[in-house]
Structures are given as structure tokens and as C-alpha cells.
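In case you want the letters, here they are:
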Amino acid sequence: ANEKIKRLEDESKLKDLLSREGLADIERLSKETMGGLTRLNITSDDYHRRHKNVAKNLFGFEDRTKGGKLSSWDITKQFIKDMWDVNHVEPTISTILCTFVWII
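Residues numbered from 1 in each chain as written. Predicted model: local features only at pLDDT ≥ 70, side-chain atom pairs only at ≥ 80, totals over all residues. Heavy atoms only, no water.

1. Considerations on a nonpolar patch on the surface
Put simply, the rule reads: Each patch is assembled from residues with relative accessible area greater than 30% and no salt bridge, linking like charges that lie within 9 Å and nonpolar side chains (Val, Leu, Ile, Met, Phe, Trp, Tyr) that lie within 5 Å. The Shrake-Rupley method, run with a 1.4 Å probe sphere, supplies the accessible areas, and residue values consider only the shown protein chains as cover. Salt bridge criterion: a side-chain nitrogen from Lys or Arg within 4 Å of a carboxyl oxygen from Asp or Glu. Only DSSP runs of H or I reaching four residues or more are called helices, and only runs of E reaching two or more are called strands; each is numbered from the N terminus.
Side chains of F79, M83, W84 and V86 sit close together on the surface and give an oily, nonpolar patch of about 420 Å² of accessible area. Residue placement: W84 occurs in helix α6 (residues 72-84).

Here it is in C-alpha cells:
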């Protein structure tokens, strides 16, 4: 029962934020200021530009070639492409919310 109440409270807060702030402001807030990892920032090129070691620490990929210029995030995206043929698309709050709503 407590989990259901918490989920309903979270949904209510989200709906309130969406009506007051709009999707673009929530997306900016999440990518730029929120702490921790979310689906929105962990898959964001912008986030990885600001936090250069996150992909290396989480996924273990790095450019070990002499003078290598690839970021660990670029290598991670290429690995995902090679393994599962999935191209990276910069996430938006809309894509995350649509996925979230679909799962529920």
C-alpha cells in the first residue's frame, strides 16, 4: 500500500511539474543540475561531455591507442551499435516519459 501511495505522489508531482514548467525545462534541469544517474542523463551526449569519466567508470571502455582521441562514451556507443545494431539518439524527456508510461 505504501509503494502505491508513493508512486501516486510521484506521478502527481510529475504532472504538476509538466503543467508548470514544460518538458524543455524539466529536460534541462535533469541533464544539467540533477544529481545521480537517470535514463535521461546516462544516455546523453551533453552529460558525457561534462562528465568525461562516467562511461569509462560504468562500462569500462576507453581509447587505449597512443594519442587516442575517442571518448569512453564514443567507444561505448560504438560497442552498442556493433553488438545490437542500435544507433544512439540523444534522449529527450518525451522519449523517457513515453517509455515510462508504456512500461506501467
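2. Focus: α6
The periodicity of an α-helix, 3.6 residues per turn, causes residues three or four positions apart to be oriented the same way. For the record, the criterion: To estimate how far a helix should reach, multiply one less than its number of residues by 1.5 Å. Exposed residues in this analysis have more than 50% of their type's maximum accessible area, buried residues have under 20%, and partly exposed residues fall in between, with area computed by a 1.4 Å probe over protein chains only. Contacts are assigned to residue pairs with any non-hydrogen atoms lying within 4.5 Å of each other.
In this model, α6 (13 residues) spans 18 Å end to end at C-alpha, consistent with the 18 Å of a helix rising 1.5 Å per residue. Listing the buried residues of α6 in full gives S72, W73, I75, T76 and K77. Where α6 is buried, its residues touch α3 (39-42), α4 (45-50) and α5 (54-59). Downstream of α6 by one or two residues, D85 has phi in the positive range, about 55°.

3. Comments concerning the environment of W73
Inspection of the secondary structure assignment puts W73 in helix α6. Residue W73 is classed as buried on the basis of its relative accessible area, which comes to 7%. Not counting the four nearest positions on each side in its chain, W73 is found in contact with I42, T43, S44, D45, H48, A55, F59 and H88.

4. Points about unusual backbone geometry
Generally, phi is negative for residues other than glycine and the peptide bonds are trans, each holding for most cases. With a phi close to 55°, D85 is a non-glycine residue in the positive phi region. When its relative accessible area of 57% is taken as the criterion, D85 is described as exposed.

5. What about the layout of surface pockets?
Keep this limit in mind: Definitions used throughout: a 1 Å grid over protein atoms alone; a cavity as a set of points that fits a 1.4 Å probe which cannot get out; a pocket as an open set with protein on both sides within 12 Å along at least five of seven lines; a lining residue as one with an atom within 4 Å of a point. Grid points are joined across faces, edges and corners, and a volume is the space filled by probe spheres set on the points.
In this structure, the second largest pocket encloses a volume near 170 Å³. The wall of the second largest pocket is formed by T43, F59, W73, K77, I80, V86, N87, H88 and V89. Among the elements that take part in the lining of the second largest pocket, α6 stands out by supplying three residues, more than any other.

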